[in-house]
Number of protein chains: 2
Amino acid sequence: MQEALKSFKKYLSLNNLKLTRQRLLIFKYFMSDVGQLNPEGLLRGVQELDKTISRSTVYRTVKHLHNAGIARCIHRSDGGTCYEPMGDQSCRMICEQCGKTVPVRNPYLECLQQETARQQGFTLFRYQNTLYGLCPDCAERMGRPASPESKNDKRRF
Amino acid sequence: MQEALKSFKKYLSLNNLKLTRQRLLIFKYFMSDVGQLNPEGLLRGVQELDKTISRSTVYRTVKHLHNAGIARCIHRSDGGTCYEPMGDQSCRMICEQCGKTVPVRNPYLECLQQETARQQGFTLFRYQNTLYGLCPDCAERMGRPASPESKNDKRRF
DNA sequence: CTCAGTGCAAATGATTTGCACCAGC
DNA sequence: GCTGGTGCAAATCATTTGCACTGAG
């Protein structure tokens with residue numbers, strides 16, 4: 001958290017931005033919260049601490065957190081957007097249903113990736129592998145993905 | 001394409017849906033197009049063939065294509081939504097200097113990735129591997145070795 | 001013939017923006 | 001004190017929906 005706060009401050013000063021009470025509050029709430037939350041949830045949480053903080057400020061700030069590399073933005077399959085603190089995992093799976101993020105640990109995969117880049121003459125700085133799909137829980141809950149499952153979206157019109 | 005058309009028809013009949021002129025047209029345009037396109041692009045493309053097709057119909061149809069497992073829906077990091085025919089996965093390298101994007105093809109990597117997801121009970125829809133770094137050209141231009149030993153076995157692929 | 005499909009326009013919901021006052025640095 | 005920040009309300013943008021007519025099976 002101190003780490004992240006430092007990079008947030010750095011980002012701000014590099015961009016001529018100010019560390020306001022609101023930004024700090026949003027930052028703190030965001031970092032202390034477990035898991036992900038959407039702008040609305042962030043707003044609610046933050047307003048418990050300070051009634052006056054506006055929705056616009058939350059939206060504006062979360063964008064800065066994202067630009068600063070502190071927040072990761074997740075677009076869920078249901079169209080919702082949510083954010084979570086950036087972890088250091090560079091290989092993860094995201095459930096498109098519930099938005100859950102699961103880190104993937106496979107050293108061999110990482111190794112192979114580096115080797116692949118190297119073979120093509122690429123100097124690898126960092127990488128980001130994102131696997132999109134269904135987590136075991138959601139897969140079970142849904143029966144089967146991508147099939148005549150239109151009951152939910154079917155309606156008379 | 002015939003394959004996909006068949007499953008589209010199957011999906012429709014299984015759900016008491018009709019194969020209308022509009023749906024067929026949208027389906028065909030979607031399948032013939034290279035790469036991804038968003039609803040707006042799809043609408044534009046389809047309207048070149050038939051002025052009367054409405055935005056709503058495109059939206060409604062693309063959803064069916066998605067439910068039928070024919071279209072993959074992608075929520076981009078910029079917030080935009082786009083669709084592409086199911087099937088091709090993506091793995092690419094982005095040069096942080098010149099911005100060039102280079103596709104990476106390594107079947108083994110893809111295979112390993114799928115296997116890794118499977119092992120953790122994840123149903124994989126698609127993945128996005130992004131390697132950030134320097135392309136050979138920029139690395140050279142910057143007078144920096146691409147990587148300890150990549151100069152010698154550099155290859156275009 | 002019947003019920004689902006369509007185009008249209010209006011509605012929705014998330015996110016953004018213009019503006020006049022407010023506060024870090 | 002200068003600049004960027006904020007809250008508010010209005011604006012925007014993608015997507016959805018209600019409706020009355022049309023067309024596929």
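Quick caveat: nothing in here was measured; it's all calculated off a predicted structure.

Reading the values: the criteria
- Residues numbered from 1 in each chain as written.
- Chains lettered and ligands numbered in written order.
- Predicted model: local features only at pLDDT ≥ 70, side-chain atom pairs only at ≥ 80, totals over all residues.
- Heavy atoms only, no water.
- Near = heavy atom within 4 Å.
- Polar contact = N/O pair within 3.5 Å; in protein donor to acceptor, adjacent residues only side chain to side chain.
- Helix = DSSP H or I, 4+ residues; strand = E, 2+ residues; numbered from the N terminus.
- Nonpolar A, V, L, I, M, F, W, Y, C, P; charged D, E, K, R; others polar.
- Phe/Tyr/Trp six-rings, centres within 6.5 Å; stacked < 30°, edge-to-face > 60°.
- Buried < 20%, exposed > 50% of the residue type's maximum accessible area, 1.4 Å probe, protein only.
- Contact = heavy atoms within 4.5 Å.
- pLDDT = per-residue confidence, 0-100.
- Salt bridge = Lys/Arg side-chain N within 4 Å of Asp/Glu carboxyl O.

### Brief notes about the protein's contact with DNA strand D
And then number 1: DNA strand D sits among 22 residues. The nearest are A:Lys18, A:Arg23, A:Thr57, B:Tyr59 and B:Lys63.
And then number 2: Atoms of DNA strand D within 4 Å of the protein belong to the sugar or the phosphate in 67% of instances, the rest to bases.
And then number 3: Between DNA strand D and the protein, one listed contact pairs a base nitrogen with a side-chain N or O atom of A:Arg60 at 2.9 Å.
And then number 4: Broken down by secondary-structure element, the contributors of at least two residues to the surface near DNA strand D are helix H2 (21-32) and helix H4 (55-67) of chain A together with helix H4 (55-67) of chain B.
And then number 5: Sort the elements by how many residues they give to the surface near DNA strand D and H4(B) lands first, with five residues.
And then number 6: Residues of the surface near DNA strand D, tallied by class, amount to five nonpolar, nine polar and eight charged.

### Side note on the packing of aromatic side chains
Residue and element names in this part refer to chain A.
And then number 1: The full count for this structure, using the stated rule, is two aromatic pairs over all chains.
And then number 2: Consider the rings of Phe 8 and Phe 27, whose centres lie 5.3 Å apart with planes at 10 degrees: the pair is stacked. Here the residue Phe 8 occupies a position in helix H1 (residues 2-14), and Phe 27 occupies one in helix H2, the gap between them amounting to 19 residues.
And then number 3: Under the relative-accessibility criterion, Phe 8 is labelled buried at 0%.

### What to know about the protein's contact with DNA strand C
And then number 1: The environment of DNA strand C is made up of 22 residues, and the closest members are A:Tyr59, A:Lys63, B:Arg23, B:Ser54 and B:Thr57.
And then number 2: When the atoms of DNA strand C within 4 Å of the protein are grouped by moiety, sugar and phosphate amount to 67% of the total.
And then number 3: Note that a base oxygen of DNA strand C is positioned 3.2 Å from one of the side-chain N or O atoms of A:Ser56.
And then number 4: A distance of 2.5 Å separates a phosphate oxygen of DNA strand C from a polar atom in the side chain of B:Arg23.
And then number 5: If you tally residues by element for the surface near DNA strand C, the top one is H4(A), at five residues.
And then number 6: Its residues placed into classes, the surface near DNA strand C shows six nonpolar, nine polar and seven charged.

### Focus: helix H3 (residues 39-49) of chain B
And then number 1: Three or more residues of H3(B) are buried, namely B:Pro39, B:Gly41, B:Leu42, B:Leu43, B:Gly45 and B:Val46.
And then number 2: The elements touched by buried residues of H3(B) are helix H2 (21-32), H4 and strand S2 (81-85) of chain B.

### Structural notes on the confidence of the model for chain A
And then number 1: On average, chain A scores 79 in pLDDT, and the residues at 70 or more come to 82%.
And then number 2: This model gives residues 144-157 of chain A a pLDDT under 50, and the stretch forms 20 contacts once residues within four places in sequence are excluded.

### Description of unusual backbone geometry
And then number 1: If you check the backbone angles, A:Asn16 has positive phi at about 60 degrees while not being a glycine.
And then number 2: Structurally, A:Asn16 is set in the loop between H1 and H2.

### Some words on the environment of B:Leu12
Residues and elements named next belong to chain B.
And then number 1: Within the secondary structure, Leu 12 is located in helix H1 (residues 2-14).
And then number 2: Residues Leu 12 and Leu 65, spaced 53 residues apart in sequence, show a C-alpha to C-alpha distance of 9.8 Å.
And then number 3: Setting aside anything within four residues of it in sequence, one finds Leu 12 in contact with Leu 17, Lys 18, Leu 19 and Arg 23.

### A word on the pattern of salt bridges
Residue and element names in this part refer to chain A.
And then number 1: Under the defined criterion, the tally for this structure stands at eight salt bridges over all chains.
And then number 2: Notably, a salt bridge pairs Asp 50 with Arg 21, separated by 2.4 Å at the nearest N-O pair. Here Asp 50 is found in the loop between helix H3 (39-49) and H4, whereas its partner Arg 21 is found in helix H2, with 29 residues between them in sequence.
And then number 3: With a relative accessible area of 13%, Asp 50 lands in the buried category.
And then number 4: Looking at Arg 21, the relative accessible area reads 53%, which means it is exposed.

### Let's talk about the environment of A:Leu109
And then number 1: Summarising the element assignment, A:Leu109 is placed in helix H5 (residues 107-119).
And then number 2: For A:Leu109, a relative accessible area of 2% gives the class buried.
And then number 3: Between the C-alpha atom of A:Leu109 and that of A:Cys91, which follows or precedes it by 18 residues, the distance is 9.3 Å.
And then number 4: If near-sequence neighbours (up to four positions away) are discounted, A:Leu109 is found in contact with A:Cys91, A:Asn129, B:Leu109, B:Leu112 and B:Gln113.

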